[in-house]
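# Reading the structure
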Amino acid sequence: MPITVSPPDVSPLAQLLPDEPLLLMGAGPVPIPHAVAQANSVVINHLGPTMQAVIEGLKELGGYAFQTRSGKIIGVAGSASAAMEMAVSNLAWPGRSVLALVSGTFSARLGEMATGVGAEVTTVCSPLATPITAAMAQAALAGGRFDVVTIVQGETSCGVLNAELPQIAALVKAHGALLIVDAVCTLTTMPLRMDEWGIDVVVTGGQKGLSSIPGVSLIAFSDAAWQTVVARPRPMPHWCLDAQRAWRFWGDHQYHYTAPVPGILALYQALRLISTETLQRRFERHATCTAALQAGIEAMGLQLFVPPEFRLPSVVAVVAPPGLDSDEVRRQMADRHGVEIAGAFGLPIIRIGQMGEQCRSHHLFHVLSALGESCRRLGLPLDVSGGMAALEAELCAR
Ligand SMILES: *Cc1c(COP(=O)(O)O)cnc(C)c1O
């Protein structure tokens with residue numbers, strides 16, 4: 001048999017990659033520490049004793065990050081969305097009712113996933129650039145009988161923080177439903193106390209607050225959520241995302257599917273760096289950096305999209321520079337300054353991430369000057385030095 005498809009003439013990878021990688025200051029993925037990158041280059045047997053020790057350590061580290069003693073912590077080979085899908089599909093099925101509390105793209109995604117597995121879904125949306133309040137959640141819960149409620153802690157798509165999450169969690173518990181929280185962009189950037197707040201499932205990705213690689217995610221189940229997982233009356237539609245099957249590997253060190261070994265090692269390193277830094281110091285670093293960045297942006301003459309009381313610290317939404325093409329601004333930032341920030345899902349904003357390794361003062365100076373100078377070159381007279389001075393003052397004030 002002749003070979004019918006000839007070898008393609010594609011570029012060597014080194015030609016495709018830039019000489020100097022762009023500084024990733026968008027909404028994820030974020031820069032990773034050297035120790036994480038090194039771990040990501042190692043492949044070992046996924047069922048051997050070394051991996052067992054890594055998994056046991058990873059679950060302990062995860063318990064610290066999630067602030068839970070439940071022990072039911074599972075890694076998912078897949079994006080954060082895959083972990084969201086594991087949460088939803090193990091707790092929702094035809095005949096179950098789900099309340100989706102929606103404040104943007106990602107919280108809406110949880111509702112779509114619940115619809116996809118055949119649950120009856122009620123959606124309640126907050127107005128644009130505002131959070132879900134406890135009062136909204138209370139009214140929504142009073143209007144039905146729900147088995148599962150889904151919400152996001154920080155809505156990356158528009159830069160809104162659901163600051164009343166602890167109160168909402170208490171209302172959901174009183175209602176008798178299970179609460180799924182998407183903490184993909186927020187985990188370890190700001191407080192989230194799974195056990196204390198009474199959250200049943202928390203989901204996170206690798207490539208945001210944790211500063212690991214994309215493609216390996218983490219999920220934690222409370223005891224109550226796990227009881228529901230185990231008691232489900234029908235087969236799981238997703239074999240890979242079946243939490244009970246996944247527990248064979250994560251609990252019993254048996255084969256489920258071949259684990260994403262390098263990504264798990266990278267996540268271990270990332271979480272270990274977090275526990276060495278301590279959550280308290282990490283939260284302070286994030287609070288300082290995001291406050292300084294926001295002060296710099298405003299002092300330069302740009303506006304922030306979300307009012308301060310609703311503003312998500314970990315992804316800062318900036319009103320698109322007036323009169324300019326935001327895509328062109330972002331292109332100039334990348335081409336001339338080597339910094340990348342994010343656009344938006346159809347909203348008139350640009351977004352700058354403040355997650356994990358993005359929260360370093362030298363990165364703040366870099367991204368702010370790149371933004372200011374790019375806007376100025378395109379014709380918007382921003383006070384770039386005023387912005388830099390405000391950034392510096394705010395960093396030093398803390
Ligand atoms: C990025 C993000 C997701 C999706 O993560 P993927 O890894 O792209 O699947 C979900 N929720 C929030 C809040 C996010 O920021």
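Scope of this entry: the structure provided in the associated data block. (Residues numbered from 1 in each chain as written. Predicted model: local features only at pLDDT ≥ 70, side-chain atom pairs only at ≥ 80, totals over all residues. Heavy atoms only, no water.)

### Section: helix α15 (residues 384-397)
Under the 1.5 Å per step criterion, the end-to-end length of α15 is 20 Å for 14 residues, consistent within 8% with the ideal 20 Å. Those residues of α15 not exposed but buried are V384, G387, M388, L391 and L395. For α15, the angular spread of the buried residues around the axis is 100°, confining them to a single face. The exposed residues of α15 that point more than 90 degrees off its buried face are S385, C396 and A397. Buried residues along α15 sit in contact with α12 (279-300) and α14 (361-377). (Helix = DSSP H or I, 4+ residues; strand = E, 2+ residues; numbered from the N terminus. Expected span 1.5 Å × (residues − 1). Buried < 20%, exposed > 50% of the residue type's maximum accessible area, 1.4 Å probe, protein only. Arc of directions from axis to C-beta. Contact = heavy atoms within 4.5 Å.)

### Looking at the nonpolar core
I74, L192, I199, F221 and I264 are the most contacted members of the largest nonpolar core, which has 81 residues in total. If one sorts the elements of this core by residue count, helix α4 (residues 80-91) sits on top with eight residues. Here L192 is in contact with A65, F66, Q67, Q153, L165, V181, A183, L187, W197, I199 and V202, once residues within four sequence places are set aside. I297, V318, V329 and A370 belong to the second-largest nonpolar core, a separate cluster that totals 31 residues. (Core = buried A, V, L, I, M, F, W, Y, C linked by side-chain atoms within 4.5 Å.)

### Side note on the state of the cysteines
Applying the stated criterion across every chain yields a total of zero disulfides. No disulfide involves C158; its sulfur sits 10 Å from the nearest other cysteine sulfur, which is in C185. Free cysteine C289: the closest other cysteine sulfur is in C359, separated by 4.7 Å. The exposure class assigned to C289 is buried, which follows from its relative accessible area of 5%. (Disulfide = S-S within 2.5 Å.)

### Notes on the packing of α14 against α15
Geometrically, a packed helix pair is captured by the angle between its two axes and the distance between the axes. The contact between α14 and α15 brings their axes to 9 Å, and the two run at 165°. In terms of axis orientation, α14 runs roughly antiparallel to α15. Our pair here, α14 against α15, has a crossing hand that is right-handed. Seen from α14, the contacting residues are S361, L364, F365, L368, S369, G372, E373 and R376; seen from α15, they are V384, G387, M388, L391, E392 and L395. A class-by-class count of the residues in the contact of α14 with α15 yields seven nonpolar, four polar and three charged. (Axes fitted to C-alpha atoms, helices over the stretch in contact; angles between N-to-C directions. Parallel < 35°, antiparallel > 145°, perpendicular 65-115°, else oblique. Left-handed = near helix turned anticlockwise from the far one by under 90°. Nonpolar A, V, L, I, M, F, W, Y, C, P; charged D, E, K, R; others polar.)

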